[in-house]
Amino acid sequence: MTTVSERLATVRAQLEKAARECARPPQDITLVAVSKTHPPEAIREALDVGHRVFGENRVQEAEAKWPGLRADFPDVELHLIGPLQTNKVREAVALFDVIETVDREKLARRLAEEMAEQDLRRGVFLQVNTGKEPQKSGVFPEDLDDFVRLTRDDLGLDVRGLMAIPPQAEEPALHFALLRTLARRNGLAALSMGMSADYEIAVQLGASHIRVGTAIFGERPKL
Ligand SMILES: *Cc1c(COP(=O)(O)O)cnc(C)c1O
């Protein structure tokens, strides 16, 4: 049995190796440990060895797990990486430091309102549906430039960069490269791309954030 801390060390080592191979400083890449479905005890193992950046995909689940952990580890940075409904925006702004899944105007407007209301300026990523998959969230690549103007320039959101989840059956590198092109064109620095199966490729293509769940916490229970 490998432990969370062992697996985390392995991922870190591989991340550093991938970064070195493409002459990038490893510290330029943030490892977001995706703890969705895993219990607080597993998360605590990662916290105990110094990991601080985590991703969750559901507001309700995160609300149940994180206030207790945060009380012991106040310097945690929590990212929302799953779809956000407008009726959960208040809770999401209160709980998450970074919201990676901003993908439509209505949501962007609610976020801007709610951040003003709570006097909290949270970082956001715009989610891009690089594969234009009907079941997947994210703005289409051709709509991204307008969406950047709306969110960053008109609404004044703290838009850090772009996030994408490539289609399962396709070569992820093509999608990572597209995301990088879109970010550069809009003057955005951060790129959240790459998961357990493909984070090394994402690092080569410029990821600033990789979102790794299974390789750190093990398989998730099938829902
Ligand atoms: C679950 C999830 C991940 C982590 O996936 P793994 O394959 O377990 O590393 C990354 N990003 C998003 C958006 C997810 O929902």
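Report follows, based on the coordinates. As the structure is a prediction and not an experimental result, all values here were calculated from the model.

Counting buried positions along strand 5 (residues 123-127) gives 5 out of 5 residues, so the element sits mostly inside the fold. Of the two faces of strand 5, the one carrying G123, F125 and Q127 and the one carrying V124 and L126 are both buried. Strand direction decides the pairing type here: strand 4 (residues 98-102) and strand 5, joined by 3 bridges, are parallel. The residue of strand 5 that forms the bridge with V102 is L126. The pairing of strand 5 with strand 6 (residues 158-163) spans 5 bridges and is parallel.

Quick look at the site of the ligand now. Residues in close proximity to the ligand include V34, K36, I81, M163, I165, M195, S196, R211, V212, G213, T214 and R220, which together make up its full environment. At 2.8 Å, a side-chain N or O of R211 approaches a nitrogen atom of the ligand. Here an oxygen atom of the ligand and a side-chain polar atom of T214 are 2.5 Å apart. Protein coverage of the free-state accessible area of the ligand, which is 390 Å², stands at 89%. Judged by the fraction of its atoms near the pocket grid, the ligand is located in the largest pocket. Looking at side-chain class alone, the shell around the ligand contains 6 nonpolar, 3 polar and 3 charged residues.

The β-α-β motif built from strand 5, the intervening helix 6 (residues 144-154) and the parallel element strand 6 has right-handed crossover chirality. Sheet topology note: the strand 6/strand 7 (residues 190-192) ladder contains 3 bridges and is parallel. Across the sheet, L162 pairs through a bridge with L191, a residue of strand 7. What joins strand 6 to strand 7 is helix 7 (residues 172-185), and the crossover it makes is right-handed.

An α-helical segment advances 3.6 residues per turn. Residues three or four places apart therefore align on the same side. The terminal C-alpha atoms of helix 1 (residues 4-21), which comprises 18 residues, lie 26 Å apart, in line with the 26 Å expected from a rise of 1.5 Å per residue. Among all positions in helix 1, only V4, L8, V11, L15, A18 and A19 are buried. Down the axis of helix 1, the buried set is contained in an arc of 100°. They therefore lie on one face. Counted as exposed and oriented over 90 degrees from the buried face of helix 1: R20 and E21. The secondary structure elements touched by the buried residues of helix 1 are strand 1 (30-34), helix 2 (40-48), helix 8 (199-204), strand 8 (209-212) and helix 9 (214-217). A23 sits one or two residues past helix 1 and shows a positive phi near 55°.

The rules behind the values
Residues numbered from 1 in each chain as written. Predicted model: local features only at pLDDT ≥ 70, side-chain atom pairs only at ≥ 80, totals over all residues. Heavy atoms only, no water. Buried < 20%, exposed > 50% of the residue type's maximum accessible area, 1.4 Å probe, protein only. Helix = DSSP H or I, 4+ residues; strand = E, 2+ residues; numbered from the N terminus. Pairing = 2+ DSSP bridges. Near = heavy atom within 4 Å. Polar contact = N/O pair within 3.5 Å; in protein donor to acceptor, adjacent residues only side chain to side chain. Areas by Shrake-Rupley, 256 points an atom, 1.4 Å probe, with all protein chains shown as cover. 1 Å grid on protein atoms, 1.4 Å probe; cavity = no way out; pocket = protein on both sides within 12 Å on 5 of 7 lines; lining within 4 Å. Sits in = over half its atoms within 2 Å of the grid points. Nonpolar A, V, L, I, M, F, W, Y, C, P; charged D, E, K, R; others polar. Right-handed = clockwise from strand over helix to strand, strands pointing away. Expected span 1.5 Å × (residues − 1). Arc of directions from axis to C-beta. Contact = heavy atoms within 4.5 Å.

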